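Here are the chains, one letter per residue:
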Amino acid sequence: MLVLDSSAFFSMDGLPGEDYVCPPGVIREWEKYNDPRLQLWDINVRECSAGSLKLVEEAARGTGDSGRLSPVDMTVLALALDTGGTIWSDDYSIQNVASAMGIGFRPVGERGIKKTLRWEFRCKGCGRRFEKKYPECPVCGTALGSVRKR
């Protein structure tokens, strides 16, 4: 079973030849672009469980990807947990959390990650590092960027 992320749909000319599913949020992301394929394809959509979503959120905090993943990205990962599926995505943060959780993934058009990374956030002004993402540095108010954890 493949669990498709938005990047998979944008890269495909046709639906995969094996069983697949995606969360509703992926379809909502795709609708924004008025892609005609959405009307032509019969797409299997399923919600993820709350329990799996909670496990994904915990894993994303552990890798430092929680500030890099959208809510839809989290549901892709949770749906893969629910179905025992393999994620089809070019999103490196999705791949990173999937790798940390032992969920299989396949890149669509990119190379894909080679190893799991841990991330933290560094202030672009004062240089302080934080485990979680803030809208701005709580010390000096400058924007934060993500960096590999030391």
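Since this is a predicted model, take the numbers as computed values, not measurements.

Comments concerning the overall build of the protein chain
Working step 1: Broken down by element type, the protein chain carries 6 helices and 7 strands.
Working step 2: Relative to a compact globule of 150 residues, whose C-alpha radius of gyration would be 15 Å, the protein chain shows 16 Å and is just as compact.
Working step 3: Considering only C-alpha atoms, the protein chain reaches an extent of 50 × 30 × 30 Å along its principal axes.
Working step 4: Considering the protein chain as a whole, with its 150 residues, one finds that 43% of them fall into the buried category.
Working step 5: In the protein chain, of all internal contacts separated by at least 6 residues, the share reaching a separation of at least 24 is 44%.
Working step 6: Accessible surface for the protein chain amounts to roughly 8,200 Å². Of this, 46% is attributable to carbon and sulfur atoms.
Working step 7: Averaging the positions of the 21 positive and the 20 negative side-chain charges in the protein chain gives two centres separated by 12 Å.

Structural notes on the layout of surface pockets
Working step 1: What the largest pocket holds in volume is close to 160 Å³.
Working step 2: What lines the largest pocket is Asp65, Arg68, Tyr92, Ser93, Asn96, Gly112, Ile113, Lys114, Lys115, Leu117 and Trp119.
Working step 3: It is helix H6 (residues 92-101) that provides the largest number of residues to the lining of the largest pocket, a total of 3 residues.
Working step 4: Of the residues in the lining of the largest pocket, the class split is 4 nonpolar, 3 polar and 4 charged.

Conventions we followed
- Residues numbered from 1 in each chain as written.
- Predicted model: local features only at pLDDT ≥ 70, side-chain atom pairs only at ≥ 80, totals over all residues.
- Heavy atoms only, no water.
- Helix = DSSP H or I, 4+ residues; strand = E, 2+ residues; numbered from the N terminus.
- Rg over C-alpha atoms; globule rule 2.2 N^0.38 Å.
- Buried < 20%, exposed > 50% of the residue type's maximum accessible area, 1.4 Å probe, protein only.
- Contact = heavy atoms within 4.5 Å.
- Areas by Shrake-Rupley, 256 points an atom, 1.4 Å probe, with all protein chains shown as cover.
- Lys, Arg positive; Asp, Glu negative; His and termini not counted.
- Charge placed at Lys NZ, Arg CZ, Asp CG, Glu CD.
- 1 Å grid on protein atoms, 1.4 Å probe; cavity = no way out; pocket = protein on both sides within 12 Å on 5 of 7 lines; lining within 4 Å.
- Points joined across faces, edges and corners; volume = space filled by probe spheres on them.
- Nonpolar A, V, L, I, M, F, W, Y, C, P; charged D, E, K, R; others polar.

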